[in-house]
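# Working through the structure, step by step
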Amino acid sequence: MPLMYPLVFAAFLFSVGVYGVLARRNAVMVLMSIELMLNAVNVNLIAFNAYLRDQLATGQVFALFVIAVAAAEVGIGLAIVLLIFRNRETVNIDEVDLLRW
Amino acid sequence: MTGQEVAFLVLAVIGGLAGLLVVTSRNVVHAALYLVVALASVAGIYLLLAAPFVAFVQVIIYVGAIVVLLLFGIMLTRAPVGRRVLDNTLRARVGAFVVGGGVFVMLTVFLADAFGSERIATQAATATAALGESLFRNYVLPFEAVSVLLLAALIGAIVLARRD
């Protein structure tokens with residue numbers, strides 16, 4: 001299989017995630033788009049692991065680390081979103097401007 | 001074209017379309033369900049790239065845990081429906097499309113320049129035993145760091161979400 005197949009797929013998934021992060025207003029949707037971007041990174045790691053035929057499977061090990069970090073990130077992110085919703089009755093990120101000069 | 005390539009292309013088209021629907025859907029719950037499809041097709045791609053353990057971890061953690069967590073987040077924040085409440089203004093969306101499309105074109109051009117003729121050799125799937133050996137022999141320090149990170153995230157999430 002050409003190496004470009006997974007690389008182009010990962011680039012597409014990452015760009016879709018970038019679009020989602022910038023275009024969405026709802027904080028939960030932004031978290032979903034971030035998950036898409038993290039998955040694109042994982043596809044790259046696995047593809048290069050297979051391409052380089054690494055004896056230590058470094059790409060796969062670090063894909064597992066990225067998955068663990070993504071789980072931690074979404075847990076903290078949702079806790080913050082719930083806190084904001086409880087205090088301000090909204091999860092629209094353009095209305096949360098507490099830290100804006 | 002081999003069967004592996006055909007399977008990859010089918011999975012990539014399904015995953016790409018599902019990803020597009022995640023960021024364009026008008027309904028938050030539908031977006032979360034499309035995210036399940038996208039993550040599951042990525043798991044299939046891991047299988048095709050000779051990484052079965054990571055594929056099953058993807059199914060268990062992403063599809064099983066993270067999407068459920070996101071659905072709980074949607075339920076607890078009274079999910080609104082509709083283009084206007086979910087998306088930014090048209091101007092911001094056009095800007096986001098330009099940035100996303102630019103990232104895609106730039107990455108594709110540069111990657112084609114660097115790896116355009118390279119091929120992934122057909123190979124046996126990485127045994128879970130070999131992956132575990134590598135993880136606990138060579139990468140045990142980053143593994144412990146990730147464990148501490150998960151613990152810190154757990155405590156942080158409890159502290160943030162606690163009502164006191």
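The numbers attached to residues start from 1 for each chain and follow its sequence in the written order. Written order determines the labels here, with chains lettered from A and ligands numbered from 1. Two thresholds apply to this predicted model, a pLDDT of at least 70 for residue-level local features and 80 or more for giving and counting side-chain atom pairs, whereas whole-chain, interface and lining totals are computed over all residues.

### Side note on the confidence of the model for chain A
Across the chain, each position has a pLDDT score giving the predictor's confidence in that residue, from 0 to 100. Within chain A, residue pLDDT values average 90, and 99% of them lie at 70 or more. Helix and strand definitions follow DSSP, with helices as H or I runs of at least four residues and strands as E runs of at least two, each counted in order from the N terminus. Within chain A, no element has a lower average pLDDT than helix α3 (residues 58-88) of chain A, which sits at 91, and none a higher one than helix α1 (residues 4-23) of chain A, at 94.

### Topic: the interface of chain B and chain A
Every contact between the two is made by 74 residues of chain B and, on the other side, 62 residues of chain A. Elements that contribute at least two residues to the side of chain B that touches chain A include exactly α1 (3-24), α2 (28-48), α3 (52-76), α4 (83-86), α5 (90-115), α6 (128-137) and α7 (140-161) of chain B. Broken down by element, the side of chain B that touches chain A gets its largest block of residues, 15 residues, from α5(B). Its residues placed into classes, the side of chain B that touches chain A shows 52 nonpolar, 17 polar and five charged. We call two residues in contact when the distance between their C-beta atoms, placed using the backbone, is within 7 Å. For this classification, the nonpolar set comprises Ala, Val, Leu, Ile, Met, Phe, Trp, Tyr, Cys and Pro, the charged set comprises Asp, Glu, Lys and Arg, and every other residue, Gly included, is treated as polar.

### Topic: the domain arrangement of chain B
The domain architecture assigned to chain B consists of domain 1 (3-90) and domain 2 (127-164). Residue ranges assigned to the domains are those given by an automatic or database domain assignment. Relative placement of domain 1 of chain B and domain 2 of chain B: their C-alpha centres are 23 Å apart.

### Looking at the packing of α1(B) against α2(B)
All names here are of chain B. Interaxial angle, 0 to 180 degrees, is taken between N-to-C directions of lines fitted to C-alpha atoms, where a helix line uses only the stretch in contact. In contact at an axis separation of 8 Å, α1 and α2 are set at 155° when each is read in the N-to-C sense. If you check the angle between α1 and α2, you find them roughly antiparallel. Seen along the crossing, α1 lies across α2 with a hand that is left-handed. Where α1 approaches α2, its residues Gln-4, Ala-7, Phe-8, Leu-11, Ala-12, Ile-14, Gly-15, Ala-18, Gly-19, Leu-21 and Val-22 are matched on the opposing element by Ala-31, Tyr-34, Leu-35, Val-37, Ala-38, Ser-41, Val-42, Gly-44, Ile-45 and Leu-48. Across the contact of α1 with α2, the residue classes break down as 16 nonpolar, five polar and no charged. Every angle not falling under 35 degrees, over 145, or within 65 to 115 is termed oblique; those three ranges are roughly parallel, roughly antiparallel and roughly perpendicular. Left-handed describes a crossing in which the near helix is turned anticlockwise from the far one by less than a right angle; the clockwise case is right-handed.

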